[in-house]
Amino acid sequence: MKEILQQIKDVVVDGFTACGYDEKYGMVSLSNRPDLCQFQCNGALAAAKAYKKAPIAIAGEVVEKLGDNTMFAKCEVCPPGFININLSDEFIAQFVSGMADDEERFGVEKVAQPKKVMIDYGGPNVAKPLHVGHLRSAIIGESIKRTARFMGDEVIGDVHLGDWGLQMGLIITELKLRKPELVYFDESYEGEYPTEAPFTISELEEIYPCASGKSKEDPSYKEAAMTATYELQHGRRGYQALLSHILNVSVNDLKRNYEKLDVTFDLWKGESDAQPYIPDMVQKMKDDGFAYISEGALVVDVKEDTDTKEVPPCMILKSDGASLYNTTDLATMVWRMKDYNPDKLIYVVDKRQELYFTQVFRCAKKTGIIPDGTGLHFVGFGTMNGKDGKPFKTRQGGVMRLEYLLQEVEDKMLEKIKENGTMNDEDALKTAQIVGLSAVKYGDLSNQASKDYIFDIDRFTSAEGNTGPYILYTIVRCKSILAKAGVDSIDTAILPAHSDSERGLQLELTRFMAALNSAYEDMAPHKICAYIYDLANAFNRFYHDTKILAEEDEAKKASYLKLLVLTKNVLEKSIELLGFKAPERM
Ligand code: ARG
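Residues numbered from 1 in each chain as written. Predicted model: local features only at pLDDT ≥ 70, side-chain atom pairs only at ≥ 80, totals over all residues. Heavy atoms only, no water.

Caption draft 1: Molecular detail of the environment of Ala538. One can find Ala538 in helix H19 (residues 526–544). In this structure Ala538 comes out as buried when scored by relative accessible area, which is 3%. For Ala538 and Asp388, which are 150 residues apart along the polypeptide, the C-alpha to C-alpha distance reads 34 Å. Those residues in contact with Ala538 that lie beyond four places of it in its chain are Ser501, Gly504, Leu505 and Glu508. (Helix = DSSP H or I, 4+ residues; strand = E, 2+ residues; numbered from the N terminus. Buried < 20%, exposed > 50% of the residue type's maximum accessible area, 1.4 Å probe, protein only. Contact = heavy atoms within 4.5 Å.)

Quick look at the structure:
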């Protein structure tokens, strides 16, 4: 369906052109005085200058022309030259009926030219536990992915594991100290390596911090870890076998964690997968004259004349020839283009890496790794802070592991559900998991991604206010009324509103398309949140002043129920795009 604002605009534009004015003056927007009207057109004020006429006269002519269009209940001039518009209840009802008839998409059309999009999100580092810093990337990226898919794009999500750094050398060094007899350390060994890993995930998670601690204190230990990293990266067989064990064990654990978050990836590629592409990429940069040696390192200039801040050169290789985070990201683009040839690459990463991505993007464009037709987008997110305004920590002051955070929220939810006391233990636990996830995800997504926010467990788990649980309550409320009515689909049209609150709800439903389109275009899940919060409020207002099940007029009751089904479906579709679900009861 065509967006409602567009439909109104089409009519108003006709009004302007019929009166001899340019179509560009037929602009319509949501009213900024909802007490006066639903929509407004300010075009006559702009046209006045061009046509040297009083705005009120122009507005008057146009209103006269639009006069008896059935789309409008009101279309009038308001000094000094605004056109105030209210839609007719019949038109609104027809529009929402159309949405209700489209049971899959509620009138939202797919984009005319679907794109192939790759999203780089999650970005966990192997062998280090997932912490809350990785939470935001996973939550935001997942929602951007789901939304783009719904809009018709072909979307490939890649977790882009951090699996190529010093952390690998550290683990190998510590392991060698603890179990020197392992065959992986025997350089003369030529046979097959065991298929079973010589450690479990808990050992791995203990080994890494231990090794990292030692390396900070003991320079020779750090030296050993760097050597191990170098040897690993230059093909030492035993170490590569260890790397694949570390990867397997970690990835299994990561998958388990992401599953709890309802986050899935199409590709589980990592930094290490980019390594084979580095030599040719570097050679080409040199041959093409882009890369040059500066203070021993190989760099590419990426500053531009319009820069207001200094953008340093993009470093490709360190003076010892070692590759860096940049090198890996650029080489990753090489295989992404070669294997997938996407129209667009989106990176959902901490905004503190923004300058870094500016350098990498410019370098990729300049050197031709990314062709002109492919867009590069950085979606930078802010920090999740604790109530003290500082980055979120455990009570002991350590880095909060994602699992513990989720557990804490779930426990809190369970406590609340048990206070209400109507569910058996098993249902209560399941519900706490579902609602807890909504609290965490909505708490995050309802903020503009680039902003920092405060993780406030009491607020996030509250059933009142702009929260996930509030949205879920609203959905559950719809479900329970429909269950009581004994229907889940109704074959009737939605009738013109019978009250202000019903009109409010219907109008709010008409905004769904616009909300989704702009969330999609701006890669901004918070716009979906803002929309469903308004929709839930409009629904609850309607619910509180309408007798739905007790309505005696059958046609009216059926129309109410149909409106309920649509509201529930639109809310459920929206939370699906945000990445969570609603329970049956709460
Ligand atoms: N592993 C990185 C980190 O923990 C994030 C990776 C972001 N993605 C990328 N292509 N660089 O900071």
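Caption draft 2: Structural view of unusual backbone geometry. In this chain, Pro79 is followed by Pro80 through a cis amide linkage whose omega measures 5°. You can see Pro80 is positioned in the loop between strand E3 (72–78) and strand E4 (82–87). Located in the positive-phi region is Lys52, a residue other than glycine, with phi close to 50°. Position of Lys52 among the secondary structure elements: in the loop between helix H2 (43–51) and helix H3 (55–66). Despite not being glycine, Asn341 has its phi angle at roughly 45°, a positive value. Take Asn341: it is sitting in the loop between helix H11 (325–340) and strand E10 (344–350).

Caption draft 3: Looking closely at the nonpolar core. Formed by 154 residues in total, the largest nonpolar core has its most connected members in Ile8, Phe72 and Leu87. Residue contributions to this core peak at twelve residues, all from helix H20 (residues 554–578). Beyond its immediate sequence surroundings of up to four residues, Phe72 is in contact with Ile8, Val11, Val12, Leu66, Ile85, Asn86, Leu87 and Ser88. Core analysis: the second largest hydrophobic core is formed by 33 residues, Met281, Leu330, Met337 and Val360 among them. (Core = buried A, V, L, I, M, F, W, Y, C linked by side-chain atoms within 4.5 Å.)

Caption draft 4: View of the packing of helix H16 (residues 468–485) against H20. Taken N-terminus to C-terminus, the directions of H16 and H20 make an angle of 145°; their axes are 10 Å apart at the nearest point. Handedness of the H16/H20 crossing: left-handed. Judged by residue contacts, Ile471, Leu472, Thr474, Ile475, Cys478, Lys479, Ile481, Leu482 and Ala485 of H16 engage Leu561, Leu564, Val565, Lys568, Leu571, Glu572 and Ile575 from H20. For the contact of H16 with H20, a count of residues per class yields twelve nonpolar, one polar and three charged. (Axes fitted to C-alpha atoms, helices over the stretch in contact; angles between N-to-C directions. Left-handed = near helix turned anticlockwise from the far one by under 90°. Nonpolar A, V, L, I, M, F, W, Y, C, P; charged D, E, K, R; others polar.)

Caption draft 5: Broad picture of the layout of surface pockets. Put simply, the second largest pocket is a space of about 490 Å³. Every residue lining the second largest pocket is counted, 18 residues in all, and those nearest its centre are Pro34, Gln38, Gly504, Leu507 and Glu508. Those elements that place two or more of their residues in the lining of the second largest pocket are helix H17 (500–510) and H19. Looking at the lining of the second largest pocket, the element that brings in the most residues is H17, giving eight residues. Across the lining of the second largest pocket, the residue classes tally to seven nonpolar, five polar and six charged. (1 Å grid on protein atoms, 1.4 Å probe; cavity = no way out; pocket = protein on both sides within 12 Å on 5 of 7 lines; lining within 4 Å. Points joined across faces, edges and corners; volume = space filled by probe spheres on them.)

Caption draft 6: Up close: the site of the ligand. Inspection of the region around the ligand gives Asp120, Gly123, Asn125, His134, His160, Tyr325, Asp329, Tyr347, Val349, Gln353 and Phe357 as its neighbouring residues. Asp120 is positioned such that a nitrogen or oxygen atom in its side chain is 2.9 Å from a nitrogen atom of the ligand. Note that a nitrogen atom of the ligand is positioned 2.8 Å from one of the side-chain N or O atoms of Tyr325. Computed on the free molecule, the ligand has an accessible area of 350 Å², of which 85% lies beneath the protein chains in the complex. Of all elements in the fold, only H11 and E10 reach the threshold of two or more residues within the shell around the ligand. Looking at the shell around the ligand, its residues break down into four nonpolar, five polar and two charged. (Near = heavy atom within 4 Å. Polar contact = N/O pair within 3.5 Å; in protein donor to acceptor, adjacent residues only side chain to side chain. Areas by Shrake-Rupley, 256 points an atom, 1.4 Å probe, with all protein chains shown as cover.)

By themselves, these observations are geometric and do not establish any function.
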